[in-house]
Structure formats: C-alpha cells, structure tokens
Amino acid sequence: MITANVGRLFVQAYNEREGTSWTAKEFFEKVYHPLFLGREKYLLYHKNSEFVQKVKAVEKSKFKSFDDEVDYRLNSFFKKVEEGYRDDSVAVSYPASDLKEFATTSGGVTDIVREIPEEEVYESWIGAGFGVTVAGGVSILFTEIEVLWALFEGWQVYRLLLNDPVNYKLAGNKIGAWNGQWLHYRLSKRFSPDYDFSVLQDHQFFTDEKDGVIAIQTIKWSLLFVNLSQLLGAKTISAYLYAIGQTNKTIGFVPFQLKAGRSIKAVYKKLFGEEDTQGFSDISFERLLGEDIFQVAKLGTVGLQALRPEKLRDYFKADKPMMKFKQNPVKQKSGESEEAYQQRLDKANKDQVQKKITYRTYKTWMEAMLTRNNEELLDYTTTVAETLHAYRSKATKNDRKNRIEEELLKAGNKKKFIDTIAEIVRDADETLLDQLKEITKTVHLMTPDEFGYFLTLTKFDYAYQDRKN
C-alpha cells in the first residue's frame, strides 16, 4: 500500500511543477507506461501482471507489430482494473489473489478491510518505480520530493540507454538497482551532465558482462546516505524498507538521521584537512562505511551507529591483532623481468593506498562516535599513540613494547587500562608523566561505550605511528 502513497505524492508534485492536472491513470498512460513498459526491454518486471503474462496464441496471431502487443497488454490491464481486480498482479505490493496459498508473495499489505479505488492501482505502479534497491536485496522508498524528482530524471536516462542499439547487452527490469546507482551519481560531486554509457561504466554502474548480459550493480546503502545528507540537510526522514523476490519481506519504516552523514564528513575534514576532502568522495572510501542493511534494520534507526564499517567490529575484540601498516621494501628478484617487477611494485603501492583509505575510514567513524558528546576528544588518540611510542622508544628490550601491545591495548575495561598506565608511570621518562596523568584522567571520565571506541581507535593510531616511525 505504501507504493500508492508515494505514487500519489509524486503525481501531485508533477502536476504542480508542470502545470498539468492529470489523474494517476493519465500519468500512468502518458508518462509511466511509455518509459517502463512500452518497449521490448522493460524497466520493471512485475510478476503475474498483464505485462508479463503469456499472450494466447489466438490473440498473438492478430498482432502486426510489437506496438500491437504493447497496446493489447495495456488494454487488458485497463480492463482488469475497471472490472475491480485488486490483487498483487494488478496493484503493486498488494495482497496476492489467495493469501492462504500465496502469502509469501504478498508484501506491504494491511489487514484493514477497505475499498480500493482505480486511481490507487495506478499510483501503486508509479510508486513502485521509485524503489531504490541496495546491496543485500532490500529496497527503500523515500517520500522527499527532491529525491523523487532525481529518480524520475534517472528513469528517462535508463530508458534512453536501453533504447540505444549499441547497449543491446544492457539488462532491463533493473529499475531498483538503477535508481540506487543513479541517485548516488546524481547527488554526488562527480555528477556531470555530459554523461554517457562509458562515463557511467567508469562510475561502476554496471557489472562485467556475463552470458551476454551487462547487469546493473546494487549499491551500498551508505553511499546514498552520505549524499542524501548533503541534499536534504541535517534532518531526520522516514523511509520504508522492503524486499521483493521469491518471498517478500516487509521491514517497515526506519528513521534516517541524515545529520550523521554530515557529521562524519565534517569529522573527516577536521582530521585530514580541507585540501584532502576529495578523498572522502572517493568511492573506495565510501564503500567501507556502513553495516549490512539487515543489521541496520535491527538497529531501528539509521544514524552514526549504522554507518560503522562492517569489518571494523572485529577490531573491538581484545584478541584481534592490530592492523599492519608497515610495508616491506619491494626489491627486484634475481632474474625477474622489469614488467613483472613493476606489476608487483604497483600492487604493493595500491595495497598501501587501500590501507590508508581503510585507516582513515575507520578513524573517521570512531572519532565521530567518540566526539558526539565531547568535541575535545577529537584526534586525542593520536596524542595518546605518540606518548606510548615515546615511552617505548626509550627501551632497549621488548618489555615496554609488550606491556603496551599485550596489556594496555588489550585491556577489556577502564580499570585494567588505568592499572597498566600506573605500571608504565613507574619507569616512564619524567617528561611523559603529565601526559600519562592526563590520559588516566580522560579515560576515567569516559562511559563504557566511549572507552570501547577510544581503545580501538588508540590501537589504530598506535599501529599507524609504527609505520610513520
């Protein structure tokens, strides 16, 4: 039923903007149908609908062209609507014709008994076209007009690409995945009106060709989240999450706290400088942000917590080894060709760049979490890491290194951490005493959650200092 609400909202906005007074049926017939269902390659495949059902041979024999078949299917659909059919084959995201037998193919439904008008059927199709499918197979419906207009623009681009004979391998029926890719591109700084298939290919819209088909990749939800925060500002919006497939899932409404997208970007700028903000836009950086979409749904709200990089959770475990930043020199092997050596060198350099991106992503998120209630803690762990390295540098054996790495950085709680600092104070250089005292005081005032972020972040900064030293 939510699809109809979104469709109704957009038709109203379209009429206001274009100076028309179309009904949902008129919009469906004049705009939506030609874009989505008027060509051999559809934008949207809806199971069991008149647009995908097999046509009887006796009827098909009357067709003189493909346009005849298009008209036949459209008129058959109109007839079903007029005759009062309201199951899921006619209205998108409505109950199946026999809920007892086909319950798993119904989604977004209500148990409230009511009469469904014809207009609502067309609105459901229009609204379904705005579903944004993200990695994990979950779709998101937004109700913000700015977002719907951006998606509407993308519909037309997808249709033009499918109509171009040069792109005959491009898959149809992927409007959900397309909406995600297009919205991310359209709202990003990388957007240029001078785009074509090759430009979109460079922006990773498409998969590699497989079995003669080029599909559209589903995008990670967090990529959209950061860009939406730039478009809509620091407000909270409500989005509807669902999944349509062999079995349908209704996840429900989830608040998107867009302020988090802005704050994480602001933290990055403070940490790494205005001149390097382009690094934040790098898709390799953005792709690391965000938990799995189903984990996000369990949180009940999409904010900073949901933006936690998925692989970062392992580093919160005390026994997780620290990230390695050191790079051994890449030397040419005896008898190795110059080309082979250069390939190894390039790979090693790319690995180092990726490690830097990973470090900055992880650090940015943890700093954002740590400084939500205390701005003074921004980049404080860098100072802590420098202090620990200064303490370690005065040792001739590995006792100080082991004390830091095996005891302090594996402390499971504040008490163990502070107890280990007390041991460090006993043999630390006098110039470090004030810094160590300040660390103890700061940790003492932290909440357990803050301490978790602080300790993990200190591990990363300590390992990064290893590389610098």
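The structure we're discussing is the one just above.
In this text the structure is predicted, and so the values were computed from the model without any measurement.

**Student:** Is there a simple way to think about the nonpolar core in this case?
**Tutor:** A general trend in soluble globular proteins is that nonpolar side chains are found buried together. Of all hydrophobic cores here, the largest spans 134 residues; its most connected members are Trp178 and Phe256. No other element matches the 11 residues that helix α7 (residues 145-163) contributes to this core.

**Student:** Would you mind showing me how to read the pattern of salt bridges here?
**Tutor:** Under the counting rule described, the total for this entry stands at 24 salt bridges. Of the charged contacts, one joins Arg313 and Glu291 as a salt bridge, the two residues approaching to 2.4 Å between their closest N and O atoms. Taken together, the residues span a long stretch of sequence, with Arg313 in the loop between α14 (293-299) and α15 (338-370) and Glu291 in the loop between α13 (283-286) and α14 at a distance of 22 residues. Put simply, Arg344 and Glu336 hold a salt bridge, and the shortest N to O gap is 2.8 Å. Several salt bridges converge on common partners, so that one network encompasses Lys363, Glu367, Asp379 and Asp461.

**Student:** Could you clarify how one ought to interpret the packing of helix α2 (residues 24-36) against helix α4 (residues 66-82) in this entry?
**Tutor:** Axis angle and axis distance: for two packed helices, these are the angle between their axes and the distance between the axes, and together they describe the pair. Interaxial distance between α2 and α4 falls to 13 Å at its minimum, and their mutual angle equals 160 degrees. Classified by the interaxial angle, the pair formed by α2 and α4 is roughly antiparallel. Between α2 and α4 the crossing geometry is right-handed. Between α2 and α4, the residues in contact are Lys25, Phe28, Glu29 and His33 and Val70, Leu74, Phe77, Phe78 and Glu82, respectively.

**Student:** What's the story with the packing of α2 against α7 in this structure? I'm lost.
**Tutor:** One way to put it is that α2 packs onto α7 with a least axis distance of 9 Å and a crossing angle of 50 degrees. For the element pair α2 / α7, the angle class is oblique. From α2, Phe27, Val31, Tyr32, Pro34, Leu35 and Phe36 reach across to α7, where they touch Phe152, Trp155, Gln156 and Arg159. Of the residues belonging to the contact of α2 with α7, the class tally is 8 nonpolar, 1 polar and 1 charged.

How each quantity is defined
Residues numbered from 1 in each chain as written. Predicted model: local features only at pLDDT ≥ 70, side-chain atom pairs only at ≥ 80, totals over all residues. Heavy atoms only, no water. Core = buried A, V, L, I, M, F, W, Y, C linked by side-chain atoms within 4.5 Å. Buried < 20%, exposed > 50% of the residue type's maximum accessible area, 1.4 Å probe, protein only. Helix = DSSP H or I, 4+ residues; strand = E, 2+ residues; numbered from the N terminus. Salt bridge = Lys/Arg side-chain N within 4 Å of Asp/Glu carboxyl O. Axes fitted to C-alpha atoms, helices over the stretch in contact; angles between N-to-C directions. Parallel < 35°, antiparallel > 145°, perpendicular 65-115°, else oblique. Left-handed = near helix turned anticlockwise from the far one by under 90°. Contact = heavy atoms within 4.5 Å. Nonpolar A, V, L, I, M, F, W, Y, C, P; charged D, E, K, R; others polar.

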